[in-house]
Amino acid sequence: MLTLAIIGAGNRGATYAGYALEHPDQARVTAVAEPRAHHRAVLAALHQAEHAVADWRELLRRPKVADAVVIAAPDRFHADMAEGFAAAGYHILLEKPMATNEADCRRIVQAVEDAGVLMAVCHVYRYTAYTQRVVELVQSGVIGEVVNVQHFEPVGYWHQAHSFVRGNWGREDTSSFMLMTKSCHDLDWLQYVIGQPPAQVSSFGGLYHFKRSEEPNGAADRCLDCTVERRCPYSAIKIYLEPVAAGATDWPYTVLTPEPTIETMEVALREGPYGRCVYRCDNDVVDHQVVNLQYAGGSTASFTMTAFNRAGGRKTRIHGTRGDLYVDVRKSDTLIQRFDFMTDTYIDEWVEDEPDTALKGHHCGDYRMMERVVDAFTRGDEDAILTGPQETLRSHLTVFAAERARQEGRIVAGF
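Caption draft 1: Looking closely at the overall build of the chain. Each helix and strand counted, the chain has 14 helices and 15 strands in total. Here the chain has a C-alpha radius of gyration of 22 Å; the compact-globule value for 415 residues is 22 Å, and the two agree. Projected onto its principal axes, the C-alpha coordinates of the chain cover approximately 65 × 60 × 40 Å. Residues classed as buried in the chain amount to 56% of the 415 residues present. In the chain, the share of contacts with a sequence separation of at least 24, taken over all contacts with a separation of at least 6, comes to 69%. Surface summary for the chain: the accessible area is close to 17700 Å², and the carbon and sulfur share equals 49%.

As structure tokens, then:
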């Protein structure tokens, strides 16, 4: 039985805590730290947690309240939290990104290693069934040596507007840059599939659309007051109010108000950040970016992130010397199509998300990560963790290097 303290009772903290409800024989939530009273009370009551506090530091002042801590608080607090709980002897499950700057990432790794505790970072895509199958195929040699990978992340027009324009990750100074907050998953995934970190990187991109110069004539500060709102695909009424009026009550609507109704949603759109015109927000993160990477052995990869599409699954092509793989991540399963150069034939394989769980996020990567991490923490087995501190630091350093390359217009190497 692994006991858990949840730091941050938002979407991610509640999701990871949910594993304990499905497997009460394996894990139990004993503490919740969350400054928002409603979120704290709901999660603590759901798990019958003995400790429920507003300030995470209060847990450190008490005798140890759990075996491990789940840090799912805003990114800018991660380093202080991880350092404090590591020193207190807690194993750590840390939401990605590790931190918002390179120095804090290194500080977290040092703190964990000094304390001798285990840490896993929530790069959940490594743990999915489809990723495990892709890695198995690549390592088996059926497509020969990997020469090039093309990887695409379709953020989605409404998701960009929700999270990275109106939402918590729209500004670098209060969160971090887009490649870190959204796409560190992807550069980490490439590192895992290719089997080594890159040696040099370049990148291009910027904020193309979500800015004042692009607003239509007649736009207003808020969608509720806008005369052209019905012609705007990013309308907050379209994205939030209409789905709630049709009965939707889950994420992302719970981000605006804990109990979504037409009345509470209208208040949120009138008074909160999610009712703002996307062309009049204070956002500054990019809405499109490309990253080119070269690895030590000479293989290359390219990554594209863009807001301007229907939100959906990632797409990847892996080109080898004896064949190639096409990976099409869909709603509840993934197509892995292999082409064999010797026989000139296609082999299609469908990988189901599974298992049957409420933790279906990230193609059940949330569940599979929790399953593996809970077991690793319980047994003290760091080898069972796919996203440990040093492995994650390597992929994060790639992300920082790619952003430097974008900002400075040059190739960055030796990171």
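Structure shown, so let's carry the discussion forward.
Caption draft 2: Examining helix α10 (residues 236–245) more closely. Within the span of α10, buried status applies to A236, I237, I239, Y240, L241 and V244. Tucked inside the fold, the buried residues of α10 contact α7 (157–165), α11 (253–256) and α12 (262–271). Its side-chain oxygen at 3.1 Å from the backbone nitrogen of I237, S235 defines the N-terminal cap of α10. Note on α10: the residue one or two positions beyond its end, G247, has a positive phi of about 115 degrees.

Caption draft 3: Structural view of the side chain of T387. Mapping T387 onto the fold places it in the loop between α13 (365–379) and α14 (389–408). At a separation of 2.6 Å, a polar atom in the side chain of T387 contacts the main-chain carbonyl oxygen of V121.

Caption draft 4: How the structure looks around the nonpolar core. In this structure, L59, I92, L93, I108, L190, I318 and M369 are the most contacted members of the largest nonpolar core, which totals 108 residues. Apart from residues lying up to four places away in sequence, L93 is in contact with V69, V70, I71, A120, C122, M369, M370, V373 and F377. One finds A236, M265, A268 and Y274 within the second-largest nonpolar core, a separate group that totals 14 residues.

Caption draft 5: Quick look at the pattern of salt bridges. Tallying each qualifying case throughout the model produces 35 salt bridges. E95 serves as the salt-bridge partner of R12, at 3.2 Å between the closest nitrogen and oxygen. Taken together, the positions of R12 in helix α1 (residues 11–22) and E95 in the loop between β5 (91–94) and α5 (102–115) put the pair 83 residues apart, joining distant regions of the chain. Take R12 and E95: they sit in the same class, and that class is buried. Here R276 makes a salt bridge to D282, at a shortest N to O gap of 3.4 Å. On the basis of relative accessibility, which here comes to 39%, the residue D282 falls in the partly exposed class. Residues joined by salt bridges that share partners form a network here, namely D80, E83, D104 and R107.

Caption draft 6: Fine view of the environment of R62. Along the chain, the position of R62 falls in the loop between α3 (56–61) and β4 (68–71). When the C-alpha atoms of R62 and D324 are compared, they prove to be 55 Å apart, with 262 residues separating the residues in sequence. Setting aside residues no more than four positions away along its own chain, R62 makes contact with H51 and V53.

Caption draft 7: Broad picture of the sheet that holds strand β1 (residues 2–7). If you walk across this open sheet you meet the six strands as β3-β2-β1-β4-β5-β6, and the pairing is parallel. The outermost strands of the open sheet, each flanked by one partner alone, are β3 (51–53) and β6 (119–121). Pairwise comparison of adjacent strand axes, ignoring direction, gives a mean angle of 20 degrees for this sheet. The sheet contact formed by β5 and β6 spans three bridges and is parallel. Bridging from a neighbouring strand, L94 pairs with V121 of β6. Of the strands in this sheet, β1, β2 (27–33) and β4 touch α1, which is tilted by about 150 degrees from β2.

Caption draft 8: How the structure looks around the environment of H23. With respect to the secondary-structure elements, H23 resides in the loop between α1 and β2. In this structure H23 comes out as buried when scored by relative accessible area, which is 18%. Note: C-alpha distance between H23 and R410 (387 residues apart in sequence) is 49 Å.

Caption draft 9: Structural detail: the pairing of strand β12 (residues 323–329). Most of β12 is tucked away, with six of its seven residues classed as buried. Here strand β11 (residues 315–320) pairs with β12 via five bridges, running antiparallel. Looking at the pairing, I318 lines up with L325 of β12. Joining the antiparallel neighbours β11 and β12 is a turn of two residues. Here β12 folds back onto strand β13 (residues 333–340), and the loop between the two strands holds three residues.

Conventions adopted
Residues numbered from 1 in each chain as written. Predicted model: local features only at pLDDT ≥ 70, side-chain atom pairs only at ≥ 80, totals over all residues. Heavy atoms only, no water. Helix = DSSP H or I, 4+ residues; strand = E, 2+ residues; numbered from the N terminus. Rg over C-alpha atoms; globule rule 2.2 N^0.38 Å. Buried < 20%, exposed > 50% of the residue type's maximum accessible area, 1.4 Å probe, protein only. Contact = heavy atoms within 4.5 Å. Areas by Shrake-Rupley, 256 points an atom, 1.4 Å probe, with all protein chains shown as cover. Polar contact = N/O pair within 3.5 Å; in protein donor to acceptor, adjacent residues only side chain to side chain. Core = buried A, V, L, I, M, F, W, Y, C linked by side-chain atoms within 4.5 Å. Salt bridge = Lys/Arg side-chain N within 4 Å of Asp/Glu carboxyl O. Pairing = 2+ DSSP bridges. Axes fitted to C-alpha atoms, helices over the stretch in contact; angles between N-to-C directions.

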